[in-house]
Amino acid sequence: LITAIAVFGALQTVSAPANETVTSLPASETPPAVQTGSCAYMWAYKDAPELTASFDSAVKALNAEAIGRAEYYGEDCIYADGSATFSTMETDFYTRLPVDDLSKEDEFGNWVAQVMEIVTQIPRENLPGNYGFVEFSFEKTEAERIIFRVPIQQYISDAQGKSGAELLRLFYSPP
């Protein structure tokens, strides 16, 4: 955990993009900086490369085989000319950890606690939109895996002081 917290220092320097960015759907055109008129809203995801790099480094400091990434979820406001304005609604995180046994509830719960410590230490101003979730994937094989999501705000509110199997069961119920 100390190594992950040390890597967290890099997370503090990540500068998140503004809540809204204008992008062009046709690659050959650049839309104006300000749009007027109505648009059609469409759910959208946007990569967060800087945040992903920092989060992945922090997760790998905990376990070199782990993978971490981040993305922004929100809406594209798509105008008639094909340009779009993206508005971030929340910031989400994803982790994948290869495992040899899917019954290690204590280990999985402790992993959740360590990863959530990384996420909750990111300065709020570096996370556009609302708190989203952290998706945990413990994978033995492609067919044998456990996947569940931990809402960040719920973790902050309900999971403090919990670890091991108790923490895992708060967010994951086996089928």
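Residues numbered from 1 in each chain as written. Predicted model: local features only at pLDDT ≥ 70, side-chain atom pairs only at ≥ 80, totals over all residues. Heavy atoms only, no water.

Undergrad: Mind showing me how you'd approach the pattern of salt bridges here?
TA: Two side chains carrying opposite charge are able to pair once their charged atoms lie near each other. Enumeration according to the criterion identifies seven salt bridges in this entry. With a shortest N-O distance of 3.2 Å, Arg69 and Glu71 are connected by a salt bridge. Note on Arg69: relative accessible area 36%, which makes it partly exposed. A salt bridge links Arg145 to Glu139, with the shortest nitrogen-to-oxygen separation between them at 3.9 Å. Of the residues examined, Glu139 reaches a relative accessible area of 15% and is grouped as buried. Three or more residues are tied together by salt bridges with common partners; here these are Arg96, Glu139 and Arg145. (Salt bridge = Lys/Arg side-chain N within 4 Å of Asp/Glu carboxyl O. Buried < 20%, exposed > 50% of the residue type's maximum accessible area, 1.4 Å probe, protein only.)

Undergrad: Which parts of the structure should I look at to understand the environment of Pro49?
TA: Following the sequence through the fold, Pro49 ends up in helix α2 (residues 49–62). The class for Pro49 is exposed, based on a relative accessible area of 62%. Considering only alpha carbons, one finds Pro49 and Arg69, 20 residues apart in sequence, at a separation of 8.2 Å. (Helix = DSSP H or I, 4+ residues; strand = E, 2+ residues; numbered from the N terminus.)

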